[in-house]
Amino acid sequence: MEATAPPRVTATEAAIGLIRRLVVRHGPLMFHQSGGCCDGSAPMCYPRGEFKVGERDVLLGEIEGCPVYIGGAQFELWKHTQLVIDAVPGRGAGFSIESPEGMRFLTRSNVFGGDELCALDAVGVRRGPQG
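Parameters and conventions
- Within each chain, residues carry numbers counting from 1 in the order of the written sequence.
- pLDDT decides what is reported in this predicted model: residues at 70 or higher carry local features, side-chain atom pairs at 80 or more are listed and counted, and totals for whole chains, interfaces and linings draw on all residues regardless.
- Side-chain calculation: all heavy atoms of the structure are included, whereas hydrogens and water are not.
- Type-normalised accessible area, obtained with a 1.4 Å probe on protein chains alone, sets the label of each residue: buried when under 20%, exposed when over 50%, and partly exposed for intermediate values.
- Per the convention used, a helix needs a DSSP run of H or I reaching at least four residues, while a strand needs a run of E reaching at least two, with both numbered from the N terminus.
- Only strands that DSSP links by at least two bridges are regarded as paired with each other.
- One less than the residue count of a helix, multiplied by 1.5 Å, gives the span that helix is expected to have.
- Arc, as used here, means the arc of the directions from the helix axis to the C-beta atoms.
- Pairing of aromatic side chains here covers Phe, Tyr and the six-membered ring of Trp, requires ring centres within 6.5 Å, and sorts the geometry by plane angle: under 30 degrees stacked, over 60 edge-to-face, intermediate tilted.
- For the purposes of this section, nonpolar cores are sets of buried Ala, Val, Leu, Ile, Met, Phe, Trp, Tyr and Cys residues that join through side-chain atoms within 4.5 Å.
- We call two residues in contact whenever any of their non-hydrogen atoms come within 4.5 Å of each other.

*Asks:* In this structure, what is going on with the pairing of strand β5 (residues 66–70)? I would like to understand it.
*Replies:* Regular strands show a simple pattern: their side chains alternate between the two faces of the sheet. By the criterion of burial, β5 is predominantly enclosed, with five of the five residues buried. Of the two faces of β5, both are covered, the one formed by Cys-66, Val-68 and Ile-70 as well as the one formed by Pro-67 and Tyr-69. Alignment of strand β4 (residues 58–63) against β5, held across five bridges, turns out to be antiparallel. Of the residues in β5, the one forming a bridge with Gly-61 is Val-68.

*Asks:* Mind showing me how you'd approach helix α1 (residues 13–26) here?
*Replies:* Since the α-helix turns once every 3.6 residues, residues separated by three or four places project in the same direction. The terminal C-alpha atoms of α1 lie 20 Å apart, and with 14 residues this matches the ideal 20 Å at 1.5 Å per residue to within 8%. Within α1 the residues assigned to the buried category are Ala-15, Ile-16, Leu-18, Ile-19 and Leu-22. Buried positions in α1, seen along its axis, are confined to an arc of 165° and lie on one side of it. Counted as exposed and oriented over 90 degrees from the buried face of α1: Glu-13, Val-24 and Arg-25.

*Asks:* So what exactly am I meant to see when it comes to the packing of aromatic side chains here?
*Replies:* Overall, the coordinates contain two aromatic pairs when judged by the stated rule. Look at Phe-31 and Phe-105: their rings are 5.0 Å apart centre to centre, the planes differ by 80°, and that puts the pair in the edge-to-face class. One end of the pair, Phe-31, is in strand β2 (residues 29–33); the other, Phe-105, is in strand β7 (residues 103–111), and 74 residues separate them in sequence. In this pair, the class of Phe-31 matches that of Phe-105, namely buried. Between the aromatic rings of Tyr-46 and Phe-51, the centroid separation amounts to 5.0 Å while the plane-to-plane angle is 20°, which identifies the pairing as stacked.

*Asks:* Sorry if this is basic, but what is going on with the environment of Ala-119 here?
*Replies:* Here Ala-119 is to be found in helix α3 (residues 114–123). Along the chain, Ala-119 and Arg-91 lie 28 residues apart, while their C-alpha atoms are 37 Å from each other.

*Asks:* In this structure, what is going on with the nonpolar core? I would like to understand it.
*Replies:* Among soluble globular proteins, nonpolar side chains are generally buried collectively. Phe-31, Leu-60 and Phe-105 are the most contacted members of the largest nonpolar core, which has 21 residues in total. For this core, the elements supplying multiple residues, two or more each, are α1, β2, β4, β5, β6 (81–89) and β7. Those residues in contact with Leu-60 that lie beyond four places of it in its chain are Arg-8, Val-9, Val-68, Ile-70, Phe-75 and Leu-83. Within the second largest apolar cluster, seven residues are counted, among which are Met-30, Ala-42, Met-44 and Tyr-69.

*Asks:* Got a minute to help me understand the pairing of β2 in this structure?
*Replies:* Burial runs high along β2: five of the five residues are buried. Every second residue of β2 is oriented toward a common face, with Leu-29, Phe-31 and Gln-33 on one face and Met-30 and His-32 on the other, all of them buried. In this structure, β2 lies alongside strand β3 (residues 43–47), joined through five bridges in antiparallel fashion. Bridged to Phe-31 within β3 is Cys-45. Pairing of β2 with β5, which is carried by three bridges, proceeds in the parallel orientation. Residue Phe-31 lies in a different strand from β5, and its bridge partner there is Val-68.

*Asks:* Looking at this structure, how should I read the environment of Leu-117?
*Replies:* One can find Leu-117 in helix α3. Linking Leu-117 and Thr-81, residues 36 residues apart in sequence, is a C-alpha distance of 9.1 Å.

Next up, the structure:
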C-alpha cells in the first residue's frame with residue numbers, strides 16, 4: 001500500500017482565526033517563510049502579489065487558501081519537517097501584515113517519519129511563482 005504524502009504546511013486554530021480576520025480586511029494573502037535577517041525565521045504574511053516569489057522558492061502548500069512558500073536554500077534545511085503556522089500574542093514582524101493586530105505568526109515544526117519522507121519524495125516539490 002502506497003503512503004499518502006502528508007501536508008508540508010498546516011496551521012493551528014489560532015493562526016486560522018487570524019488569517020480569516022486578515023483576509024476580510026486585506027483580501028487574498030500569501031506567506032513566505034523567512035530564512036532570517038531582520039525578522040528572524042518568522043513566517044511573513046503579505047497581501048497576495050506584494051511579495052515577489054523567486055524561481056527557487058518552494059511552494060509548501062496552502063493554509064486557508066493562502067499559498068505558503070519557503071526559499072529554496074531554507075527548504076533544503078527544513079525539508080524533513082512539517083511547518084505548523086501558529087499565531088501568538090505579541091507584535092508581528094515589521095514586514096508582515098499582522099503586525100498591528102497584537103498577534104504574530106510563529107512557525108513550529110514536526111519531524112516527518114521515514115514513510116512520510118518517502119511519500120513526499122515521490123510527490124516532489126513545485127518551485128517558483130504559481131498562477
